[in-house]
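Each chain, letter by letter, is given below.
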Amino acid sequence: MHRLVILFCALWSAALAENSDDYELMYVNMDNEIFNGLHPTEEPTPCDCRGEHSEWDKLFIMLENSQMRDSMLLQATDDVLRGELQKLRAELGPLSGSLARPCALAAPTEARLARALEELLQASRDASRRLARLEGAGEQRPEEEAGRALGAVLEELRRTLADLRAVQGWAARRWLPAGCEMAILFPMRSKKIFGSVHPVRPMKLESFSACVWVKATDILNKTILFSYGTKRNPYEIQLYLSSQSIVFVVGGEENKLVADTVISLGKWTHLCSTWNSEKGHMSLWADGELVATTGDMATNHVVPEGGILQIGQEKNGCCVGGGFDETLAFSGRLTGFNIWDHVLSKEEIRETGGAESCHIRGNVVGWGVTEIQPHGGAQYVS
């Protein structure tokens, strides 16, 4: 920057000299020689070289002086910097000497610490990864084990259910229901096979309930379970099966209740029927459930005594001792036959059809107490 200022001042001085009155035109030859306006063939006039300098001389002198000044300044600056650097070396020399040994000793320690820290960090990362894997396995393993355990339990339940159904089927074919110890077997449909019942009380009834366990081998259009009749009316009380329903009759065929319930062949079913003379209310129950009910049936009627009560057949004809109809006969097994002289409640009906209920007995006919005599091939079985 200083040089540019000097050059600018020199050029400005040259411009001022060009405008002065005593300025003479100068020529320059190819050899860069300066002439004072004379032709080269002319001999120059001797001059005193020690006289006053020209403007160009002054310019070059100024330029040389500026370069020398710059060199001097640079030299002085370099000397100062060298001196300052030597002072800094002198001051830092003892300090670096005193710190050389501790640093040399600390370097291995820092390296060991760095390696130990890196190993600790790596161990922490490995532990975190192992913990994450264990947690993931812990979350998956209970779910997988629970799924396998649940599948095994379900499979075991299926097998148990199949076994239970097989046992139930076998029991339905062989065992007796409700804890009963015996049943009456009707081996075939015949006009000679039936059972006669001898009630412990007269059958003069204004209301009653009758229940029985039934396992039918075959069912036709009318298959009699039990029947009570007199000389005047052979159809005072009837409970019979058809292929599509259960029918309950009191006082004659005009007073009957039909329940559209199909009895499964070869399976024990508990049936109950009730009737009340005051309101003519009738009901039918199957396995503890009400399947049919009605009113105004045989209202104010009284079932007369002196008739004949039978199971598996009905009296046919106008008088006691009449013949039997083979197509009406029951084939299968009967047990738990009971009659009460009143209407049982819903709870009592369900109790009579419950497990180990064979000890419950009616006060008119009680199974296991009242005499029931098999005829024509019917027999007690256990």
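Here, the structure is the one placed above.
The paragraphs below set out a description of the structure included in this document.

### Let's talk about the nonpolar core
Then step 1. Counting residues in each nonpolar core, the largest one holds 53 residues, and the members touching the most others are Phe248, Ile311 and Phe337.
Then step 2. Per-element accounting of this core gives the leading share, six residues, to strand β5 (residues 207–218).
Then step 3. Counting residues in hydrophobic clusters, the runner-up holds seven residues, among them Cys211, Trp285, Leu344 and Ile360.

### Let's talk about the state of the cysteines
Then step 1. A complete count under the given rule lists two disulfides for this structure.
Then step 2. Between the sulfur atoms of Cys180 and its disulfide mate Cys358 the distance is 1.9 Å. Across the S-S bond linking Cys180 and Cys358, the dihedral sits near 100°, which makes this disulfide right-handed. Here the residue Cys180 occupies a position in the loop between α2 (55–174) and β3 (183–186), and Cys358 occupies one in the loop between α3 (346–352) and β15 (371–375), the gap between them amounting to 178 residues. In this pair, the class of Cys180 matches that of Cys358, namely buried.
Then step 3. The disulfide bridge from Cys211 ends at Cys272, spanning 2.0 Å between sulfur atoms. In this structure, the disulfide formed by Cys211 and Cys272 twists by about 115° around the S-S bond and is classed as right-handed. Of this pair, Cys211 sits in strand β5 while Cys272 is found in strand β10 (residues 269–276), placing the two residues 61 residues apart along the sequence.
Then step 4. Cys211 gets classed as buried once you look at its relative accessible area, which sits at 2%.
Then step 5. What makes Cys272 buried here is its relative accessible area of 2%.
Then step 6. Cysteine pairing for the protein chain (bonded cysteines numbered in sequence order): 1-4, 2-3.

### Some details on the packing of aromatic side chains
Centre distance and the angle of the planes are the two values used to describe a pair of aromatic rings.
Then step 1. With the rule as written, the count across this model stands at six aromatic pairs.
Then step 2. When the centroid spacing of 4.8 Å and the interplanar angle of 40° are considered together, the rings of Phe194 and Phe324 count as tilted. You can see Phe194 sitting in strand β4 (residues 194–198) and its partner Phe324 sitting in the loop between β13 (308–311) and β14 (331–340), a full 130 residues away along the chain.
Then step 3. Assessed through its relative accessible area of 13%, Phe194 is described here as buried.
Then step 4. Linked through ring pairs, Phe208, Phe248 and Trp275 together constitute an aromatic cluster.
Then step 5. For Lys222, the ring lying beneath its charged end belongs to Tyr240, and the centroid distance is 4.8 Å.

### Quick notes on the sheet that holds strand β11 (residues 281–286)
Then step 1. Across the sheet, seven strands lie side by side as β12-β11-β10-β5-β14-β3-β16; this open sheet has antiparallel pairing. In this open sheet, the two edge strands, each paired with only one partner strand, are β12 (289–294) and β16 (379–381). Across the sheet, the axes of successive neighbouring strands diverge by a mean angle of 25°, strand direction being ignored.

Quick notes on the rules
Residues numbered from 1 in each chain as written. Predicted model: local features only at pLDDT ≥ 70, side-chain atom pairs only at ≥ 80, totals over all residues. Heavy atoms only, no water. Core = buried A, V, L, I, M, F, W, Y, C linked by side-chain atoms within 4.5 Å. Buried < 20%, exposed > 50% of the residue type's maximum accessible area, 1.4 Å probe, protein only. Helix = DSSP H or I, 4+ residues; strand = E, 2+ residues; numbered from the N terminus. Disulfide = S-S within 2.5 Å. Phe/Tyr/Trp six-rings, centres within 6.5 Å; stacked < 30°, edge-to-face > 60°. Lys NZ or Arg CZ within 6 Å of the ring centre and 35° of its normal. Pairing = 2+ DSSP bridges. Axes fitted to C-alpha atoms, helices over the stretch in contact; angles between N-to-C directions.

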